[in-house]
Amino acid sequence: MNVELRYLRALVAVVDSQTFTDAAIDLGTSQAAVSRSVAALERALGLRILQRTTRNVTPTAAGQRIIEHARRVLDEVALLEREAKDQSGELRVSYAWSALGRRTVTLQHKWDEAHPGVRLIWVQSNAPAGGLANGSVEVAVVRRRPVNDNRFASTLIGTESRYAAIAKADPLARRRFLRLSDFSGRTIAVDHRTGTTTEDLWSDESRPALVRLVQGVDEWLTLISTGQAMGMSSEATAAQNPRPGIVYRPVRDAPPISVFLASWKDDPSVLVSDFTRLAREAFVPEQPAL
C-alpha cells in the first residue's frame, strides 16, 4: 500500500469544498491533479471513498471513516510542521484579500522591535482556513465570521469600515461617500468563498440587480476597473489594493466588518500569542497628545 500525504490532502480538500474545482483552488493545483490523487488513494486502499455525480461529491460509508482518519493524520503532520517552524525563526500569517490594511506596516515594525530574531512573513491564501489546516501558516487573518472548524480558535481583534469600489468613470466616483441604496439596480461583484460582502447586506428594495461571482481579489478588481460591476470590501482592501481606474469610497450606512485571527486551539506558541496581542493593539485608536 502506497498512500502519500498529497492523496490525503486532496481528499480532505474535496470533501471540505464539495467540488474538485474548488479543492484545486485551495491546494494551488489543477483539477486533474486533484482527481488523480483521489483516484490513486482509492486504488491504494482498494475501496470507493467518494460518490461522484454531476452536482456534488459525497463520501461513501467506508469513505467517511477514511476521511476521519485522513484528518487525524494531516493534523499530526501539521503539528510536526508547526513544531519545526517554532524553531525556524519565523511566523507565517495568511490573509485572503489584504493583511491588516494601513495597520500592516505599523504592526510589522512593532513585531521587528519585539522579536528581532523572528521573521514575520505574510502569505496570501484562498483556502477556507487560510492554510492553517495544511500547516503552511501559524495564524490566519479572517474577516466577517470566525473559521468554521472546531480545530481552530478565532480571536476578534477589531472591526473595519466598508468601502465601495467603483470604476473611475462611474458618476458615483465623484461622490465623497456612498450609501447601500446607491447599489440598487447595479451589478455587484461578489466572492462567496473569501470575500466580505454578501447579498443579505441589502433589503429587498435596495438590492443590487445582478451579482457577478468572482474568485479572489484580482478577478474582483479587474471586473470593477473595466466598469462591469461595483464592489464592496473592507477598508483594508482599499488601503492595500490600489488599482488604476478604480476609486474607493466609504459606505456610510454599511455595518462594519469583524476581523479575527485564527490559530490552532492546541497551539501554545508564545509567538502566536504575542502577534495576537500586537494585532489587537493596532486596532486601538491612538489617544491625542495632551
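Residues numbered from 1 in each chain as written. Predicted model: local features only at pLDDT ≥ 70, side-chain atom pairs only at ≥ 80, totals over all residues. Heavy atoms only, no water.

Chemist: It is not clear to me how the layout of surface pockets should be interpreted in this structure. Could you clarify?
Modeler: Any empty space left between the atoms is revealed when a probe the size of a water molecule rolls over them. A volume near 1000 Å³ is recorded for the largest pocket. Around the largest pocket, the lining comprises 43 residues; the ones closest to its centre are Asn126, Ala127, Pro128, Ala129 and Gly130. Those elements that provide at least two residues to the lining of the largest pocket are α1 (5–17), α2 (20–27), β3 (90–95), β5 (139–143) and β10 (231–234). At 5 residues, α1 tops the list of elements feeding residues into the lining of the largest pocket. (1 Å grid on protein atoms, 1.4 Å probe; cavity = no way out; pocket = protein on both sides within 12 Å on 5 of 7 lines; lining within 4 Å. Points joined across faces, edges and corners; volume = space filled by probe spheres on them. Helix = DSSP H or I, 4+ residues; strand = E, 2+ residues; numbered from the N terminus.)

Chemist: Quick question: what am I supposed to make of the packing of α2 against helix α3 (residues 31–45) here?
Modeler: Helix-helix packing is characterised by the crossing angle of the two axes and by the distance between the axes. In the contact formed by α2 and α3, the axes pass within 8 Å of each other and the chain directions differ by 100°. The angle between α2 and α3 places the two elements in the roughly perpendicular class. Between α2 and α3, the contacting residues are Phe20, Thr21, Ala23, Ala24 and Leu27 on the first element and Gln31, Val34, Ser35 and Val38 on the second. Across the contact of α2 with α3, the residue classes break down as 6 nonpolar, 3 polar and no charged. (Axes fitted to C-alpha atoms, helices over the stretch in contact; angles between N-to-C directions. Parallel < 35°, antiparallel > 145°, perpendicular 65-115°, else oblique. Contact = heavy atoms within 4.5 Å. Nonpolar A, V, L, I, M, F, W, Y, C, P; charged D, E, K, R; others polar.)

Chemist: Would you take a moment to explain empty space enclosed by the protein for this structure?
Modeler: The final tally for this structure, using the stated rule, is 1 cavity of 30 Å³ or more. Lining the largest cavity we find Trp97, Ala189, Val190, Asp191, Gly195, Thr196, Thr197, Trp220 and Met232.

Chemist: Can you help me understand the sheet that holds β5 in this one?
Modeler: Note: strands within a sheet are paired through backbone hydrogen bonds, in either parallel or antiparallel orientation. Taking strand neighbours across the sheet as the criterion, the 5 strands line up as β4-β3-β5-β12-β6 in an open arrangement whose pairing is mixed. For this open sheet the edge positions go to β4 (119–124) and β6 (152–160), each flanked by a neighbour on one side alone. Taking each pair of neighbouring strands and ignoring which way they run, the sheet shows an average axis angle of 25°. Where β6 meets strand β12 (residues 257–264), 8 bridges bridge the pair, whose relative direction is antiparallel. Within β12, the position partnered with Phe152 by the bridge is Trp264. Strands in contact with helix α5 (residues 103–114) are β3, β4 and β6; relative to β4, the strand with the most contacts, it is inclined by about 150°. (Pairing = 2+ DSSP bridges.)

Chemist: Mind showing me how you'd approach unusual backbone geometry here?
Modeler: Backbone geometry follows two general trends: most residues other than glycine have a negative phi, and most peptide bonds adopt the trans configuration. For Gln18, which is not glycine, the phi torsion reads 75° and is therefore positive. When its relative accessible area of 40% is taken as the criterion, Gln18 is described as partly exposed. Unusually for a residue other than glycine, Arg144 sits at a positive phi of about 80°. For Arg144, the position within the fold is in the loop between β5 and β6. (Buried < 20%, exposed > 50% of the residue type's maximum accessible area, 1.4 Å probe, protein only.)

Chemist: It is not clear to me how the side chain of Asn241 should be interpreted in this structure. Could you clarify?
Modeler: Tracing the chain through its elements places Asn241 in the loop between α7 (235–240) and β11 (246–250). With relative accessibility at 13%, the residue Asn241 sits in the buried group. If we skip the residues at most four places from it in the chain, Asn241 touches Trp97, Ser98, Val217, Leu221 and Tyr248.

Chemist: Even after reading the chapter, I still don't get the packing of α1 against α3, so can you show me in this structure?
Modeler: It is at 8 Å that the axes of α1 and α3 come closest, and there the two elements cross at 110°. As the angle between them shows, α1 and α3 are arranged roughly perpendicular. The interaxial crossing formed by α1 with α3 has left-handed handedness. Here α1 contributes Arg6, Tyr7, Leu8, Ala10, Leu11 and Val14 to the contact with α3, which in turn contributes Val34, Ser37, Val38, Ala40 and Leu41. (Left-handed = near helix turned anticlockwise from the far one by under 90°.)

From the geometry alone we can't say anything about function, so treat these as descriptive.
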